[in-house]
Amino acid sequence: METIRIKYFTDKIDKLAYIGGKSDWIDLRAAEDVEMKAGDFRLIPLGVAMALPQGYEAHIVPRSSTFKNFGIIQTNHMGIIDETYCGSNDQWYFPAYALRDTKIRANDRICQFRITKHQPRISFEETEELSGRDRGGFGSTGIR
């Protein structure tokens, strides 16, 4: 089991916890009350900084209910934090764009993260043919 050192910037949020058997994503919470008008951009503080293990990165994405509940989207659609962002003042943030007027309260769950190993070094080899079955479509549906 990996251990991650974490610093909390506020006592307004619940401590992070892994919920075994449910998901391997961990919820992150707004660290302060936020009001946004439609069209506003805001970096919402998440109240934590972490020292990730060497060779790992965190992937941060909205929760499935974030847009429904708060009318915000994550402007970069997925945030990446690598192990070099590990100083005592390197607080994590959620870059939010509001599509409607909204209020987010401190401790509201607005996004989630998981850590993963860095991608291994790869090389590309050009070819005229691939050996897989041609599905002839777009994504898993095969429909264009």
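Definitions and cut-offs
Residues numbered from 1 in each chain as written. Predicted model: local features only at pLDDT ≥ 70, side-chain atom pairs only at ≥ 80, totals over all residues. Heavy atoms only, no water. Core = buried A, V, L, I, M, F, W, Y, C linked by side-chain atoms within 4.5 Å. Buried < 20%, exposed > 50% of the residue type's maximum accessible area, 1.4 Å probe, protein only. Helix = DSSP H or I, 4+ residues; strand = E, 2+ residues; numbered from the N terminus. Pairing = 2+ DSSP bridges.

A. A look at the nonpolar core. Ile44, Ile72, Trp92 and Ile110 are the most contacted members of the largest nonpolar core, which totals 24 residues. Mapped onto this core, the elements with two or more residues apiece are strand S2 (26-29), strand S3 (34-36), strand S5 (48-51), strand S6 (56-62), strand S9 (93-98) and strand S11 (109-117).

B. Seen up close, the pairing of S6. Across the 7 residues of S6, 6 count as buried, placing the element largely inside the fold. As paired strands, S6 and S11 are joined by 7 bridges and run antiparallel to one another. Paired with Ile60 across the bridge in S11 is Phe113. The sheet contact formed by S6 and strand S8 (residues 79-82) spans 4 bridges and is antiparallel. Within S8, the position partnered with Glu57 by the bridge is Asp82.

Note that all results are geometric; they support no functional claim without further evidence.
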